[in-house]
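Structural overview for review
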Amino acid sequence: MSGKYEYFMPTRLFFGGSVREFAAEFAGDRSYQKRTPSQSAGFGRKALIVTGKSSAKNGALDDAAYCLSQNGLEYAVFDRTEENPSLENADEAAKAGLDAGCDCVVAIGGGSPMDLGKAAAVLLANPDKKAKDLIQPGEYAHVPLYAVPTTAGTGSETTPYSILTLHEKQTKSSIGANVFFGKAFLCARYTDNLPEAVTLSAAVDVLAHLCEGYLSSKASPFSDMLAEGGFASFAECVPALKARAFDAPFREKMLRLSSLAGVVIAQARTSLPHAMGYAMTYFKHMPHGFGTGILLGEYLKFHPDREKVGRFLRLAGFASADGVKELVLSFTERPPSLTPAEIEDFSRKLYENKAKLAIHPGLVELEDIREMYRRSTVTI
Ligand code: NAP
Ligand code: ZN
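Residues numbered from 1 in each chain as written. Chains lettered and ligands numbered in written order. Predicted model: local features only at pLDDT ≥ 70, side-chain atom pairs only at ≥ 80, totals over all residues. Heavy atoms only, no water.

**Some points on the coordination of the zinc ion (ligand 2)**
In the first shell of the zinc ion (ligand 2), the protein supplies D205 (OD), H209 (NE2), H274 (NE2) and H288 (NE2), at 2.1 Å from the metal. Coordination at the zinc ion (ligand 2) is irregular: its 4 donor atoms span angles of 86 to 169° at the metal. (Donors = N, O, S within 2.8 Å, 3.2 Å for Na, K, Ca; no water. Tetrahedral: all angles 85-135°; square planar, octahedral: opposite > 155°, others 65-115°.)

And the structure:
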């Protein structure tokens, strides 16, 4: 870590019981947003609400629609968000928005609708482009966009990443533009009815973000302070996670923690477990959090900065890296199994991704990746 670093996370965060409490925030937009010259200073005239079939059913959609109506905005709902949304899904959402004449976006849901909302916001401002064009790194304008998270895991509301599935390459990748939400409304009540499996997988994602951001080559003293605070809060949540006792204080803390972990990775990025986990999601159909989290224990053993790994384990309340592994496995029905051919294929694909390998502060050999896959899964 050099002495020179920067930090940027411009999303305004609102914490409360319901989005309705913040209805006035939908009138004008005083937040950081990239705008095309034709856009007005207000949030917009017609919003594209990007959501999913379940994530729309917790009151968040009704509350956001109320806020838009109160400010004279019309809206159109796109609720066909895929889990791990694809480039094609982003084009579909953008087309729905363009056809309906939308000039701003409200994403309501977990990481999938939030990431899709970011891509749709870029495509609405660049109607000549398709989602696959956005994979190329570049500066892209986007229409104003707000978020209402309904899972507590990805922290997409505080990161600039929009992770999309690339079927052509059989993997996932962030689009090449940095897209931050202008505002995010954090109301834990929308996470109250999250199914147990989604709650647990999302919590594992929070742990992975805090840990990978802390151990990344892009970590800074600033992001480390945030991460270290996050480890202690995560430790406080572990008894509730183990007991599956998801009461209101737990939901509130986990949502705050999810956003904080997003703030950590907004610059520090995620590292090898996330990159390796994409294959577990794409080919083994594991939810994002579990697919990543099962690799975390072995990554902790592999990481060269033993002092930092030790501090993470101590602060997060784990006796060892195996303790992290055991906790994650206790949340999943069974450890995932991989064939030797799958391990080879997944490992080689990641090994070719030199930009991702550079997030790890040390040399990574192909055999290291193979070994982490082998030790984290059951070989069949
Ligand atoms: P998700 O895919 O958004 O949602 C998982 C499931 O939970 C879906 O079936 C969803 O329904 C349902 N759901 C969401 N909210 C609910 C609620 N309140 N009540 C009941 N069901 C609800 O899962 P996620 O873990 O939050 O997001 C994963 C995605 O985020 C992945 O694509 C991952 O790559 C991405 N990600 C992004 C970042 C980033 O920085 N941008 C970071 C980490 C992960 P619906 O189908 O109706 O939505
Ligand atoms: Zn993640």
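**Some details on the pattern of salt bridges**
Where charged atoms from two side chains of opposite charge come close, those side chains can pair. Within this structure, the stated rule accounts for 23 salt bridges. K308 is the salt-bridge partner of D224, the closest N and O atoms lying 2.7 Å from each other. Placement of the pair is D224 in helix α5 (residues 221–243) and K308 in helix α10 (residues 306–316), with a sequence separation of 84 residues. Each member of the pair D224 and K308 is classed as buried. Among the salt bridges present, the one from R311 reaches E307, with a minimum N-O distance of 3.1 Å. Here the residue R311 and the residue E307 both occupy positions in helix α10, the gap between them amounting to 4 residues, near one helical turn. One connected set of salt bridges, linked through shared partners, spans E344, R348, E367, R370, E371, R374 and R375. (Salt bridge = Lys/Arg side-chain N within 4 Å of Asp/Glu carboxyl O. Helix = DSSP H or I, 4+ residues; strand = E, 2+ residues; numbered from the N terminus. Buried < 20%, exposed > 50% of the residue type's maximum accessible area, 1.4 Å probe, protein only.)

**Observations concerning the packing of helix α7 (residues 272–284) against helix α14 (residues 366–376)**
The interhelical angle for the contact between α7 and α14, taken along N-to-C directions, is 65°, at an axis separation of 12 Å. The way α7 lies across α14 gives a crossing that is right-handed. Between α7, through L272, M276, A279 and M280, and α14, the contact on the second element is made entirely by I369, M372 and Y373. Here the residues of the contact of α7 with α14 are counted per class, giving 7 nonpolar, no polar and no charged. (Axes fitted to C-alpha atoms, helices over the stretch in contact; angles between N-to-C directions. Left-handed = near helix turned anticlockwise from the far one by under 90°. Contact = heavy atoms within 4.5 Å. Nonpolar A, V, L, I, M, F, W, Y, C, P; charged D, E, K, R; others polar.)

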